[in-house]
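Topology and contacts: notes
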Amino acid sequence: MKKPFVIFYFLIIYALAELLWWGILLIKAKPASVGMIGGELSVFLFILLVGAVHLHKSINKERQLHQRQKNFLLSVTHELKSPLASIKLFLQTIQKRDLNREQRINFIDKCLQDIERLDDLVENMLLAAKIDNEIYTFPKEKFNFSLLVDSVVNRLQINKCDGKEQTINAEIEPQVEVTGDKFALTSVVNNLIENAVKYSPPCEAVNVKLFRKDGTVHFTVADNGIGIADEEKLHIFDKFYRVGNEDTRNTKGTGLGLFIVKQVLDKHAASIHIRDNRPKGSVFEVVFG
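First things first, this report covers the structure right here in the doc. (Residues numbered from 1 in each chain as written. Predicted model: local features only at pLDDT ≥ 70, side-chain atom pairs only at ≥ 80, totals over all residues. Heavy atoms only, no water.)

1. Some details on the overall build of the protein
The condition that has to hold: Here a helix means four or more residues in a row that DSSP labels H or I, a strand means two or more in a row labelled E, and each is numbered from the N terminus. Exposed residues in this analysis have more than 50% of their type's maximum accessible area, buried residues have under 20%, and partly exposed residues fall in between, with area computed by a 1.4 Å probe over protein chains only. The criterion used for residue contact is that any of the two residues' heavy atoms lie within 4.5 Å. In short, Shrake-Rupley with a 1.4 Å probe defines the accessible areas, and a residue's cover is counted only from the protein chains shown.
Within the protein one finds 7 helices and 7 strands. In sequence order, the protein lays out its α and β elements as α-α-α-β-α-β-β-α-β-β-α-α-β-β. Split into buried and exposed, the 289 residues of the protein put 38% on the buried side. The contacts of the protein with a sequence gap of at least 6 include a subset with a gap of at least 24, amounting to 70%. Accessible area of the protein: about 18,000 Å², with a carbon and sulfur share of 58%.

2. Details of a nonpolar patch on the surface
Cut-off, in case you're wondering: Here, patches come from residues exposed beyond 30% relative accessible area and free of salt bridges, joined within 9 Å for like charges and within 5 Å for nonpolar side chains (Val, Leu, Ile, Met, Phe, Trp, Tyr). Any Lys or Arg side-chain nitrogen located within 4 Å of an Asp or Glu carboxyl oxygen qualifies as a salt bridge.
A surface patch of nonpolar side chains, amounting to about 320 Å² of accessible area, comprises Leu 20, Trp 21 and Ile 24. Its place among the elements puts Trp 21 in helix α1 (residues 2-29).

3. Considerations on unusual backbone geometry
The linkage connecting Arg 278 with the following residue, Pro 279, adopts the cis geometry, with an omega of 10°. Structurally, Pro 279 can be placed in the loop between β6 (270-276) and β7 (282-288). Even without glycine at this site, Ala 269 takes up a positive phi of about 55°.

4. Some words on the sheet that holds β6
Basically, it comes down to this: In this scheme, strands are said to pair when DSSP sees at least two bridges between them. To define axes, lines are fitted to C-alpha atoms, for helices over the stretch in contact only, and angles between the resulting N-to-C directions are given on a 0 to 180 degree scale.
Taken in spatial order, the 5 strands of this open sheet run β2-β4-β5-β7-β6, and their pairing is mixed. Pairing within the sheet leaves two strands with one partner each, and these edge strands are β2 (168-172) and β6. Shown here is a sheet whose adjacent strand axes are inclined to one another by a mean of 15°, direction ignored. Strand direction decides the pairing type here: strand β5 (residues 216-222) and β7, joined by 6 bridges, are antiparallel. Counterpart to Val 221 in the pairing with β7 is Phe 284. Those strands touched by helix α4 (residues 145-156) are β2, β4 (206-213), β5 and β7, and its axis lies near 170° from that of β2.

5. Digging into the packing of α4 against helix α5 (residues 182-198)
To keep things clear, this is the line we draw: Roughly parallel means an angle under 35 degrees; roughly antiparallel, over 145; roughly perpendicular, 65 to 115; everything else is oblique. What makes a crossing left-handed is the near helix being turned counterclockwise from the far one by less than a right angle; a clockwise turn instead makes it right-handed. Three classes are used, and their members are as follows: Ala, Val, Leu, Ile, Met, Phe, Trp, Tyr, Cys and Pro are nonpolar, Asp, Glu, Lys and Arg are charged, and the others, Gly among them, are polar.
Interaxial distance between α4 and α5 falls to 10 Å at its minimum, and their mutual angle equals 45°. Taken as axis vectors, α4 and α5 run oblique relative to one another. Of the two possible hands of crossing, α4 and α5 adopt the one that is right-handed. Contacts from Phe 145, Leu 148, Val 149, Val 152, Val 153, Arg 155 and Leu 156 in α4 reach Lys 182, Leu 185, Thr 186, Val 189, Asn 190, Ile 193 and Glu 194 in α5. Each residue belonging to the contact of α4 with α5 can be placed in one class, and the counts come to 9 nonpolar, 2 polar and 3 charged.

6. Observations regarding the side chain of Ser 200
Put simply, the rule is: Definition of a polar contact: a pair of N or O atoms within 3.5 Å, with one able to donate and the other able to accept a hydrogen when the atoms are protein atoms, and with sequence-neighbouring residues admitted only if both atoms are side-chain atoms.
As for its placement among the helices and strands, Ser 200 is situated in the loop between α5 and β4. On the basis of relative accessibility, which here comes to 12%, the residue Ser 200 falls in the buried class. Within the structure, Ser 200 has its side chain in polar contact with the backbone oxygen of Ala 196 (distance 2.5 Å). Dropping the residues within four chain positions of it, Ser 200 is found in contact with Val 206, Asp 223, Asn 224 and Gly 225.

7. Focus on the pairing of strand β3 (residues 177-180)
Burial of β3 is one-sided: the residues Val 178 and Gly 180 facing one way are buried, the residues Glu 177 and Thr 179 facing the other way are not. In this sheet, β3 lies alongside strand β1 (residues 141-144) in antiparallel orientation, the contact comprising 4 bridges. Along β3, the bridge assignment pairs Asn 144 with Glu 177.

8. What to know about the packing of aromatic side chains
This is how the line gets drawn: Here a pair means two rings of Phe, Tyr or Trp (six-membered ring of Trp) with centres within 6.5 Å. Their orientation is stacked below 30 degrees between planes, edge-to-face above 60, and tilted elsewhere.
Throughout the structure, instances matching the rule amount to 5 aromatic pairs. Ring centres of Phe 90 and Phe 107 lie 5.1 Å apart, and the angle between their planes is 50°; this geometry places the pair in the tilted category. With a gap of 17 residues between them, Phe 90 in helix α2 (residues 34-96) and Phe 107 in helix α3 (residues 101-132) connect regions that are remote in the sequence. Every member of this aromatic cluster is reached through a ring pair, and the members are Phe 143, Phe 145, Phe 219 and Phe 288.

What follows is the structure, encoded as structure tokens:
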């Protein structure tokens, strides 16, 4: 991305040099018109400066987007390769070893977990593409949101972690109903909880709550992880954006999860708010009006 900057600055310098030379020639030819030429020159320089600032911002924004897209492709490759390698290893072990029934069931369960992980990744990519191309229609129906949240929590739950409390603590008010796209809202719940687990230390609890309050439905996901800096809170719902430095980040992910969350909630006239958790971490709160 250095070449566009070189060309950009070369053109700016060339335009200024030409403008200066043109002004000198006019002043020499018609000394009485110095005031008029000076005014025109000032306006031209102002317009040129404003254009240069906007062009520089656009190029810099494109460079950042290019870097995010590059990291997205690398992340997707890793996210696909890891579960596939795991599934292959488990199946080869089942094929070549004389395992007892309990061991086979354990290996098959782990394969199914990896397949679910792949399925979530593919569904996220397809949904993001459809939303981006404005071809997803968001079919709405009234359904039990409590059951949806409970189902996602149970699927992502890690029951015990080195003898500690369960990873996801859920307080779900029963029979909470919303009207919306069940598939898309499942993706919202899944992405918010997965993000909380992903950015939390191992075995750290994630707290999920669903409740009614003053005629509205509130869904919150709180973690005790690394937290989100104030300047990054403005960008976390951008496509491909991920918390941290693009060049040094180690956390897995594609940068599509929160983009999907925001787009889906906008289509449901719902809002999402982020605040700092205490003593550390983040709280995401979704409110359905």
